[in-house]
Amino acid sequence: MIFLTALPLFWIMISASRGGHWGAWMPSSISAFEGTCVSIPCRFDFPDELRPAVVHGVWYFNSPYPKNYPPVVFKSRTQVVHESFQGRSRLLGDLGLRNCTLLLSNVSPELGGKYYFRGDLGGYNQYTFSEHSVLDIVNTPNIVVPPEVVAGTEVEVSCMVPDNCPELRPELSWLGHEGLGEPAVLGRLREDEGTWVQVSLLHFVPTSEANGHRLGCQASFPNTTLQFEGYASLDVKYPPVIVEMNSSVEAIEGSHVSLLCGADSNPPPLLTWMRDGTVLREAVADSLLLELEEVTPAEDGVYACLAENAYGQDNRTVGLSVMYAPWKPTVNGTMVAVEGETVSILCSTQSNPDPILTIFKEKQILSTVIYESELQLELPAVSPEDDGEYWCVAENQYGQRATAFNLSVEFAPVLLLESHCAAARDTVQCLCVVKSNPEPSVAFELPSRNVTVNESEREFVYSERSGLVLTSILTLRGQAQAPPRVICTARNLYGAKSLELPFQGAHRLMWAKIGPVGAVVAFAILIAIVCYITQTRRKKNVTESPSFSAGDNPPVLFSSDFRISGAPEKYESKEVSTLESH
């Protein structure tokens, strides 16, 4: 049974009026250690006019009414008491002086209860006071701890024991106070009228480590074997401290990740897992586990654990690094450039760890970086050779991705050395091979006859493009005399280039052997061919826009049934009837 800090002790007065009415005063409650004694202070009053010769009194246990035959604790007339109180009760006060103080010795738990006093002045002048004193038998000191003990704030803990036995005085000592503070004994204090306590104080500044510490107080009585101990556990309030958390975590994309946060505090903290200000999970607990299933690169980042209670907070962070293969590279930059310009191309990707980035062209490495997410390719003064397909490849230990892109270099036409004319029997075939971007327009000119044929005249010119190279073929049939000069002109928005096509093979020597007669015949044939072409184009005016005007020279005969040495068989053109057929 614990002795209360502030005992509700007061004197009870049945009649508060002066002038002598029946009345009694005693503490409403009083305490004593088992095996010691207790003095219950008591005084009473009665009407003055009674003036009895002798004043007697009786103490009853647990009932104020004699007709109920309560146990008699003390009786001044006969000294006859209940067996429980034999040799253990006596009156300390003088009833003649209206002092009814009672002493109980060697108290035991069965003596705990209510004690009533009855005044006996003789005859009918007897009065039992209804108010009483409650005796509490204790066997442990009362350790009083403040309702709130906060770490870092000085606290006062007291040990209080009843000191109502005039024959035995308690001595107090602290147990388990080492490292907390030095006790200060206040000594015997009067709580209220008639009751006393012995008090010892202990001042200290608690730390979080003192939470749960058992602090004891011992009451002993000199020259006896009586000794009593009481204990109290300190409930020290303190803010959270995060004591358990993952270090930085690396995880492969798609794997399972567990993040643990544990904190020490009193009371238990509210633990919260957060990322970028978003609450992921929270609970009031000493530890909290955050489970991430099949992590993705989007979950890569810093995770924070916040622990808080009414006394403060703490937080820590952990980095989660999600390892994954490179994403498909993106390419930004100039994809169309004019010859001579500088081209800058940026290839970028995302991966963890950062990848090796490489730009290839035709299996040749042009640029590479290690453990970077961007690669800049600079091509100063681009030329036609830089035109083509490129690859940007990103790779790390988790995989590889690649992106193809094309760079188009635009430039003025270039007539290649493969351009020439060749004769076989009565047919001449002229090739104009042009490298250009964008695709050029090609025209064949016979300056001696003021005749120009372009590629739109598909009955006479066949063109085919392979990459940046355009091959146009002009076929002349029925050439019995020396071939005329043929000039090839290629043109696009960046310029034009012309070349008189050279003749290849031995046919050029044949013209010198024909002589003047042969020349006259050949001249006549050419005139006939020119006339035929002119007539053909006039017929086409009905449905198509002509390539030649009415004032042009007569047409030259073209034939398609001819293949030059080394030319692919797919080069074919339509045959036009010769002059002799008219």
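Residues numbered from 1 in each chain as written. Predicted model: local features only at pLDDT ≥ 70, side-chain atom pairs only at ≥ 80, totals over all residues. Heavy atoms only, no water.

Cut-off, in case you're wondering: UniProt positions are given in the numbering used here, feature names are shortened, and annotations may be inferred rather than shown by experiment.
Named according to an unreviewed UniProt entry, the protein is Myelin-associated glycoprotein originating from Gorilla gorilla gorilla. You can read under Sequence similarities (unreviewed entry) in the UniProt record for the protein the words "Belongs to the immunoglobulin superfamily. SIGLEC (sialic acid binding Ig-like lectin) family."

Things to note about the overall build of the protein
Let me state the cut-off plainly: Every helix listed is a DSSP run of H or I at least four residues long, and every strand listed is a run of E at least two residues long, numbered separately from the N terminus. Should any heavy atoms of two residues lie within 4.5 Å, those residues are counted as being in contact. For every accessible area listed, the method is Shrake-Rupley and the probe measures 1.4 Å; residues are considered covered only by the protein chains on display.
A count of helices and strands for the protein gives one helix and 44 strands. Contacts spanning at least 24 positions in sequence make up 62% of the contacts within the protein whose residues lie at least 6 apart. Within the structure as shown, the protein displays about 29,500 Å² of accessible surface, and the carbon and sulfur contribution to it stands at 51%.

A short note on the pairing of strand β42 (residues 487-492)
Note the following rule: Only protein chains enter the accessibility calculation, which uses a 1.4 Å probe; a residue whose area is less than 20% of its type maximum is buried, one above 50% is exposed, and one in between is partly exposed. Strand pairing is defined by DSSP finding a minimum of two bridges between the two strands.
Across the six residues that make up β42, a large majority, five, are buried. Sheet topology places strand β38 (residues 441-446) next to β42; five bridges connect them, and they run antiparallel. Within β42, the residue paired with A443 across the bridge is T489. Pairing analysis gives six bridges linking β42 to strand β43 (residues 495-500), with the strands arranged antiparallel. When the bridges of β43 are listed, I487 appears paired with E500. Between β42 and β43, which pair antiparallel one after the other, the connecting turn spans two residues.

Describing the state of the cysteines
In plain terms, the rule: Counting rule for disulfides: a pair of cysteine sulfur atoms within 2.5 Å.
This model, assessed by the stated rule, comprises seven disulfides. Covalently, C261 is tied to C305 through a disulfide, its sulfur atoms 1.9 Å apart. Taking the sign of the S-S torsion, about -80 degrees here, the bridge from C261 to C305 comes out left-handed. With C261 in strand β22 (residues 257-266) and C305 in strand β26 (residues 301-309), this residue pair connects regions lying 44 residues apart in the sequence. For C305, a relative accessible area of 0% puts it in the buried group.

A look at the pattern of salt bridges
Any two side chains of opposite charge can pair, on the condition that their charged atoms come close. As a reminder of what qualifies: A pairing counts as a salt bridge when a side-chain nitrogen of Lys or Arg comes within 4 Å of a carboxyl oxygen of Asp or Glu.
Counted according to the given criterion, the structure contains nine salt bridges. A salt bridge links D48 to R98, with the nearest nitrogen and oxygen atoms 3.8 Å apart. Placement of D48 in the loop between β4 (43-45) and β5 (56-61) and of R98 in the loop between β7 (89-91) and β8 (102-104) is noted, with a sequence separation of 50 residues between them. On the basis of relative accessible area, R98 is assigned to the partly exposed category, the value being 25%. For E500, the salt bridge is made with R485, and the minimal N-O distance between the two is 3.2 Å. Residue E500 is found in strand β43, and its partner R485 is found in the loop between β41 (469-477) and β42; the two are separated by 15 residues along the sequence. Since its relative accessible area comes to 43%, R485 is described here as partly exposed. A cluster of three or more residues bridged by salt bridges with shared partners is formed by D45, D48 and R98.

Examining unusual backbone geometry
At the junction of N352 and P353, the peptide bond is cis and its omega measures out at 5 degrees in the coordinates. For P353, the position within the fold is in the loop between β30 (343-348) and β31 (356-361). Its identity as a non-glycine residue notwithstanding, E294 has a phi of 45 degrees, on the positive side. Along the chain, the position of E294 falls in the loop between β25 (287-292) and β26.

Overview of the nonpolar core
The following threshold applies: Put simply, buried Ala, Val, Leu, Ile, Met, Phe, Trp, Tyr and Cys residues joined by side-chain atoms within 4.5 Å make one nonpolar core.
With 29 residues, the main nonpolar core has F44, W59, L104, Y115 and F117 as its most contacted residues. Only β2 (29-33), β3 (38-40), β5, β6 (72-75), β8, β9 (113-120) and β11 (133-138) provide two or more residues apiece to this core. Residues within four places of L104 in sequence aside, it is in contact with T36, C37, V38, V73, F85, R88, S89, Y115 and L135.

Digging into the sheet that holds strand β33 (residues 374-379)
Counted only if it meets this: Geometry is summarised by axes, namely lines fitted to C-alpha atoms with helices restricted to the contacting stretch, and by angles between N-to-C directions that run from 0 to 180 degrees.
With antiparallel pairing, three strands are arranged side by side in an open sheet as β28-β30-β33. Because the sheet does not close on itself, it has two edges, and the strands there are β28 (330-333) and β33. Direction aside, the axes of adjacent strands within the sheet are offset by 20 degrees on average. As paired elements, β30 and β33 share six bridges and run antiparallel to each other. Directly across from S348, in β33, lies its bridge partner E374.

Some thoughts on the packing of aromatic side chains
The cut-off we apply is this: Aromatic rings from Phe, Tyr and Trp, with only the six-membered ring used for Trp, were paired whenever their centres fell within 6.5 Å, and each pair was classed as stacked if the ring planes differed by under 30 degrees, edge-to-face if by over 60, and tilted otherwise. By the criterion adopted, a ring carries a charge over it if an Arg CZ or a Lys NZ lies within 6 Å of its centre and within 35 degrees of its normal.
The final tally for this structure, using the stated rule, is 16 aromatic pairs. Through a chain of ring-to-ring contacts, three or more aromatic side chains come together here, namely W22, F44, F46, W59, F117, Y127 and F129. The ring centre of F46 lies 4.0 Å from the NZ or CZ of R98, which sits over that ring. The side chain of R214 reaches across the aromatic face of Y231, ending 4.1 Å from its centre.

Topic: the environment of G212
The residue G212 is located in the loop between β17 (195-204) and β18 (214-220) in this model. Along the sequence, G212 and D235 sit 23 residues apart, while their C-alpha atoms lie 5.8 Å from each other. Leave out the neighbours within four places in its chain, and G212 touches S233 and L234.

Focus on the sheet that holds β3
In space, the three strands of this open sheet follow the order β3-β8-β7, with antiparallel pairing throughout. Two strands bound the open sheet, and with one partner strand each, they are β3 and β7. Strand-to-strand twist in this sheet, taken as the mean axis angle between neighbours without regard to direction, amounts to 20 degrees. Here β7 pairs with β8 via three bridges, running antiparallel. Across the sheet, residue L91 finds its bridge partner in β8, namely L102.

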